Protein chains: 2
Amino acid sequence: MINVAVLGYGTVGSGVVEVIETNKKDIERKIGASIQVKYILDLRDFPGDPYEDKVVHDYEEIVNDPEVSIICETMGGMEPAYAFTKKALSKGISVCTSNKELVAAHGPELIHLAQSNKCNYMFEASVGGGIPIIRPMNSALTAEHIDFMMGILNGTTNYILTRMDEDGADFRDALKEAQELGYAEKDPTADIEGYDISRKIAILSSLVCGHYVNYEDVYTEGITKITADDIKYAKAMNRVIKLLAVSREIKGKLFVMVAPFMVSRDHPLYMVKDSFNAIFIHGNTLDDTMYYGRGAGKLPTASAVVADVVDCARHIGKCITILWDDEKVELTDANKLRSQYLVRVPASEKAAAESAFKISEVVDAGFANEFAFVTEEIDHDEYEEAARKAGSVISRIRLV
Amino acid sequence: MINVAVLGYGTVGSGVVEVIETNKKDIERKIGASIQVKYILDLRDFPGDPYEDKVVHDYEEIVNDPEVSIICETMGGMEPAYAFTKKALSKGISVCTSNKELVAAHGPELIHLAQSNKCNYMFEASVGGGIPIIRPMNSALTAEHIDFMMGILNGTTNYILTRMDEDGADFRDALKEAQELGYAEKDPTADIEGYDISRKIAILSSLVCGHYVNYEDVYTEGITKITADDIKYAKAMNRVIKLLAVSREIKGKLFVMVAPFMVSRDHPLYMVKDSFNAIFIHGNTLDDTMYYGRGAGKLPTASAVVADVVDCARHIGKCITILWDDEKVELTDANKLRSQYLVRVPASEKAAAESAFKISEVVDAGFANEFAFVTEEIDHDEYEEAARKAGSVISRIRLV
């Protein structure tokens, strides 16, 4: 019998209990043993809940029960999740988590602690929700030198951008709708400013190189400046605007950035809509691969946590290989990453813009008082310099 | 030191050697040990080849060398691959293969033999080329009850259909082009008649249920009857024609089939072009996921074989869980699977067709002498009965 404890009975935590109960037969076949949720840790009580008798308020009760072999940490945030995780791992109890903040901040330390205690720290659900991406990265793409990743890794912003694209909604209205539907939090800053996605690409970049990419070093632009007019330009260009996380190795240098991009209709990321996520990975011999699925949501995220539980249950007393040490990776200035830009300037500034930028294509989206064009491929420093010369820029978005 | 032998120095076999040599540093970091190709088995000699000194002609030399711990079987076909694999596994040597014929025919027996001898039989490359799909299925989607899979799993037919779609080519011309480019074999029967893809969906369906789905039981239609006119209808309907493998569980019954389908522009499989493959999987709590990548080609396929080598090297003397026994699964008659059909009849038969079919939509692709329509959702027996009543049918294709 595998005894599991769930920390935090919120959206993901209650999803974990639901997935284990719903798919118990399938899961037990895959583990080769029976499984049960023995404890649910929460500050609250849940009278009437079918699992109310499993709810405890004291973590010590869980971590000191020798029958508990796996803990699902679905609390989120740094504390007490960090302290609880360390205590469990140091006692040889495996921890499966959806907590990207904690993984992005302390992944290497917690993995090392797990390995020292013959247990596992697993975090499939921390990136891409229900999409299996951490496990393919650790155990399937192992013959590859991965030199490029690009992903839609935040369901909230993708939902907002899809609404703006399909309904012509303004950013503020689309955000409000996302909040009403529960896709965006009351304080949406972490999502719309790109902080959430920067943690996820930092985790993936770390796993690719085996060292520590600090999410605070990732160049990050959010989607708050995207307007309904920008969307009209995207449509005129047969493109959609997506918030992308990009990680690219060029001649041994690693560039990691988060920014809105105009994605062409030919690109596999074009059709990733609503709260779906996808991550596009290029390997030197494998060429392109892509992984697509629900990037958020109670059950898909919980399913990824429970897949980790199955893996831990299959490896009681053994360590699953995850190569991620705490050697810090120096990122190269993302301003040196090259791309084309759509640039919009007032029609009155056309001559100045033409002399400041190397223009590859003029774009007409029906705005008589604007001059808009696509630049040749330049890096961001070159863009900034040309923009200064051109004078006033209404907006600019990178192309991919 | 991990010593590897490669059986068959053809396209995939030489790719395996190339991937190991090219990415040796990355691979050794992931294994935590050094690796070398010690033997290459082939009937031929390869004078001038950088690895000519590794070529041997006698399998006994390989299988009796106690230093060899992993064999890559990239010969294809049933014999001698089957005998060689059994011999290796019975001596505790792990085998990694791209041989879908052998896996589809003898997977359960070979997995069992490996497990009895504390080694592994791995076959990531047998389905979807470079796309990691076997490993996600075995180790990532483990919390799920998978009830639906649908995939583009054959690069040759997808290349042909893409050429027909994009260039308006006839089937015969597109096939000829594919043969000239090396995407199709001289005898293309296994690909264009759907036999190759039926083996792949049988393997995936087996892994989902843990028992044996015989590829010979899979209802299979190829693409030889698709015409340039069918493609024009697809375009008029904002669709593309794809050869799909479908596996669907409905109330405990399993339906598995291979047939051409018209895929709508909204579907994630719409944009899977040329020799790319993708597999779309639905789980009861995970919802939709999709895996996309190179479905064929020397290096992508070899990369998948070498990922298996890495996994075997990490598990010397230990068994990786693969649940697939030889209990035969009775498939349910695929004629009971329901879908909509595009049906084309001569214009003169319009009245008969209107009385025989329940029509949901009339389609105009500019053929004055034809009447074409989309049916309501029916099963294939119902389709056949209506088609008999209608009289002459020019062509019919399922919709998805």
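Conventions we followed
Residues numbered from 1 in each chain as written. Chains lettered and ligands numbered in written order. Predicted model: local features only at pLDDT ≥ 70, side-chain atom pairs only at ≥ 80, totals over all residues. Helix = DSSP H or I, 4+ residues; strand = E, 2+ residues; numbered from the N terminus. Buried ≥ 20, exposed ≤ 12 C-beta atoms within 10 Å, placed from the backbone. Contact = placed C-beta atoms within 7 Å. Axes fitted to C-alpha atoms, helices over the stretch in contact; angles between N-to-C directions. Parallel < 35°, antiparallel > 145°, perpendicular 65-115°, else oblique. Left-handed = near helix turned anticlockwise from the far one by under 90°. Nonpolar A, V, L, I, M, F, W, Y, C, P; charged D, E, K, R; others polar. Domains from an automatic or database assignment. Pairing = 2+ DSSP bridges. Expected span 1.5 Å × (residues − 1).

Examining the overall build of chain A
Then, number 1: What chain A contains, in helices and strands, is 14 helices and 18 strands.
Then, number 2: Referenced to the eigenvectors of the C-alpha coordinate spread, the extents of chain A come out at roughly 75 × 45 × 35 Å.
Then, number 3: Relative to its full complement of 400 residues, chain A shows a buried share of 52%.
Then, number 4: Across chain A, the fraction of contacts at a sequence separation of at least 24, relative to all contacts at a separation of at least 6, is 72%.

Side note on the environment of B:Gly8
Residues and elements named next belong to chain B.
Then, number 1: Structurally, Gly8 can be placed in the loop between strand S1 (2–7) and helix H1 (11–22).
Then, number 2: Judged by local crowding, Gly8 falls into the buried class, with 23 C-beta atoms found within 10 Å.
Then, number 3: Placed 148 residues apart in sequence, Gly8 and Thr156 show a C-alpha to C-alpha distance of 22 Å.
Then, number 4: Ignoring anything within four residues of it in the chain, the contact list for Gly8 reads Gly13, Leu41, Asp42, Thr74 and Met75.

Overview of the packing of helix H5 (residues 100–116) of chain A against helix H10 (residues 195–209) of chain A
All names here are of chain A.
Then, number 1: Interaxial distance between H5 and H10 falls to 9 Å at its minimum, and their mutual angle equals 45°. As far as their axial angle goes, H10 and H5 are oblique. Here H5 runs over H10; the crossing is left-handed. Of the residues in H10, those touching H5 at Lys100, Glu101, Val103, Ala104 and Gly107 are Arg199, Lys200, Ala202, Ile203 and Ser206.
Then, number 2: Residues belonging to the contact of H5 with H10 are distributed by class as follows: four nonpolar, two polar and four charged.

Quick word on the domain arrangement of chain A
All names here are of chain A.
Then, number 1: Assigned domains within chain A: domain 1 (2–130 + 298–314), domain 2 (135–294) and domain 3 (337–399).
Then, number 2: Computed over C-alpha atoms only, the centres of domain 1 and domain 2 are separated by 27 Å.
Then, number 3: If you look at the interface, domain 1 gives 13 residues, while domain 2 gives 15 residues.
Then, number 4: Of all the elements, H5 adds the most residues to the side of domain 1 that touches domain 2, at six residues.
Then, number 5: Broken down by class, the residue content of the side of domain 1 that touches domain 2 amounts to five nonpolar, five polar and three charged.

Quick look at the sheet that holds strand S5 (residues 94–97) of chain B
All names here are of chain B.
Then, number 1: Read from one edge of the open sheet, six strands run S3-S2-S1-S4-S5-S6, paired in parallel fashion. Two strands bound the open sheet, and with one partner strand each, they are strand S3 (55–56) and strand S6 (121–122).
Then, number 2: Relative to strand S2 (residues 35–41), S1 runs parallel, the two being bridged by six bridges. Along S2, the bridge assignment pairs Val4 with Val37.
Then, number 3: Contacting S1, strand S4 (68–73), S5 and S6, helix H4 (residues 81–90) runs over the sheet at an angle of about 160° to S4.

A short note on helix H7 (residues 155–167) of chain A
Residues and elements named next belong to chain A.
Then, number 1: Taking 1.5 Å per residue, 13 residues should reach 18 Å; H7 reaches 18 Å between its end C-alpha atoms and fits that length.
Then, number 2: With respect to burial, H7 is a largely interior element, 11 of its 13 residues being buried.
Then, number 3: Those residues of H7 that fall on the buried side of the exposure criterion are Gly155, Thr156, Thr157, Asn158, Tyr159, Ile160, Leu161, Thr162, Arg163, Met164 and Asp165.
Then, number 4: Looking at the buried residues of H7, the elements they touch are strand S7 (146–152), helix H8 (171–180), helix H9 (189–192), helix H11 (228–236), strand S9 (239–250) and strand S11 (276–283).

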